[in-house]
Amino acid sequence: MKLDTIRSDFPILKRKVNDHSLIWLDNAATTQKPHCVIESLSRYYKENNSNVHRGAHTLAKEATEEYEAARKKIQKFIGASSPEEVVFVRGTTEAINLVANTYGNLTIGRGDEILLTQMEHHSNIVPWQMLCKYKGARIIPIPINKKGDIILEEYEKLFTPRTRMVSITQVSNVLGTINPVKQMINIAHSHGVSVLVDGAQGAPHLGVNVQDLDADFYTLSGHKAYGPTGIGILYGKKALLENMIPWQGGGGMIKDVDFDRTVYLELPYKFEAGTGNIADAVGLGAAIDYLEGIGMYNIEHHEQELTRYATEALSSINGLHIIGNAPHKTSVMSFIIEGIDPSKMAGLLDQEGIAVRAGHHCAQPVLKYFGVDSTLRASIGIYNTHKDIDALVQGLLKHINQ
Ligand code: 7TS
């Protein structure tokens, strides 16, 4: 992996923040965009802009081709068996809401149980909670240990005849833990239960193959994978998607409408009511091409090495405690420093151009489990270097000692 070349692909990395070169360590919140993604948006609007799947003119045809080509790129990237299984959505949040409101609505009833890990992002908790409230079902948390690993033996014991759904993150946005999702899916399937994998923090960092995982549903947010905001995907197994009733109705998802009934379009369009985010889908396609050009294996290797380096460097700071020490982790380092308010420290680092996040990271249950309400979080992307980590450590030391 040629880091200098990769860095030069990201225009924003050239800018100064508070008179310092930007060091972007907030990749778990969102990633920066390479030239090719930015250019693809501009080119699309300059040359091909049209609504898709309608109109018999050239631009409609071109825009449709680009939109569907992006879907195919994503299909290959996640190893889905057909583009019909790839639904465009706004991002992971919308994908999970879609599954809760369709599959969940269909399969979950009074007294049923949904298993979620203790480390889920709010977007993989609240939609299920809303469904539970409506249906009289309940959420059962899958426990983790103090390292930040799921306790697999406990997970297995949670299955009852009322378990209807398992929804788990592939990588924790707070702890960085890479969960054993393949094994967890296998266990769930042995109980006849479907599994949604939240890939928001997984897909940008690990090579993913949904068929190998045997995931029933898989989600991805484009903006965390070097693509634009406002676009993401829901993958679902064809047999499941086919049986699900759409949750949003409108144009673009119908074959025939009368006042007393509607015939829906085939997959994936029946879940894509209204005009989609066409330009950003094209941009996401460009981001996928970019990632594949570098190679997910190389990305995984680079980021895990940097994670190891950062963990070692941060651990050497007196009074600093890393939250999340799973042996199998990637890209995310959360930590607290004795006697220091995380948001104050984030503000001080920002004065030096270093962007980290402070707060609860939209995953309050896991912070509560570790007895904290806020952490500092440095998260790594493909363009980060050992020097970035050194700068972070120097910045922390400078302010801790003040
Ligand atoms: N799931 C996980 C594991 C996440 O980390 C996030 C966003 C989401 C779901 C929601 O994704 P969205 O694209 O629909 O918003 N995580 C973060 C974060 O850690 N800091 O800001 C957003």
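All figures in this text were calculated on a predicted structure; none of them were measured in a lab. (Residues numbered from 1 in each chain as written. Predicted model: local features only at pLDDT ≥ 70, side-chain atom pairs only at ≥ 80, totals over all residues. Heavy atoms only, no water.)

Q: Mind showing me how you'd approach the nonpolar core here?
A: Generally speaking, soluble globular proteins have nonpolar side chains that are buried together. By size, the foremost hydrophobic cluster in this structure holds 73 residues, and its most contacted members are I78, Y155, V166, Y218, V366 and I382. Here this core spans two domains, since at least three of its residues come from each of domain 1 (3-30 + 295-400) and domain 2 (39-292). What Y218 contacts, discounting residues up to four positions off in sequence, is I78, Q170, V197, G199, G202, A203, V208, V210, L213, I233, L234 and Y235. With 25 residues, the next largest nonpolar core counts A95, Y103, F217 and L267 among its residues. (Core = buried A, V, L, I, M, F, W, Y, C linked by side-chain atoms within 4.5 Å. Buried < 20%, exposed > 50% of the residue type's maximum accessible area, 1.4 Å probe, protein only. Domains from an automatic or database assignment. Contact = heavy atoms within 4.5 Å.)

Q: Would you mind showing me how to read the packing of helix α12 (residues 342-350) against helix α14 (residues 386-400) here?
A: Helix packing for two helices is described by the angle between their axes and how far apart those axes are. Remark: α12 packs on α14, axes separated minimally by 10 Å, with the N-to-C direction vectors making an angle of 120°. In this structure, α12 meets α14 at a crossing whose hand is right-handed. Only L392, G395, L396, H399 and I400 of α14 make contact with α12, whose side of the interface consists of M345, L348 and L349. Among the residues making up the contact of α12 with α14, the classes are represented as 6 nonpolar, 2 polar and no charged. (Axes fitted to C-alpha atoms, helices over the stretch in contact; angles between N-to-C directions. Helix = DSSP H or I, 4+ residues; strand = E, 2+ residues; numbered from the N terminus. Left-handed = near helix turned anticlockwise from the far one by under 90°. Nonpolar A, V, L, I, M, F, W, Y, C, P; charged D, E, K, R; others polar.)

Q: Is there a simple way to think about the pairing of strand β7 (residues 163-169) in this case?
A: Here is the key point about a regular strand: its side chains alternate between the two faces of the sheet. Buried residues dominate β7, accounting for 6 of its 7 residues. Pairing of strand β5 (residues 113-117) with β7, which is carried by 4 bridges, proceeds in the parallel orientation. Paired with L115 across the two strands is V166, which belongs to β7. Following the chain from β7 across helix α7 (residues 181-190) to the adjacent parallel strand β8 (residues 194-198), one finds a crossover that is right-handed. (Pairing = 2+ DSSP bridges. Right-handed = clockwise from strand over helix to strand, strands pointing away.)

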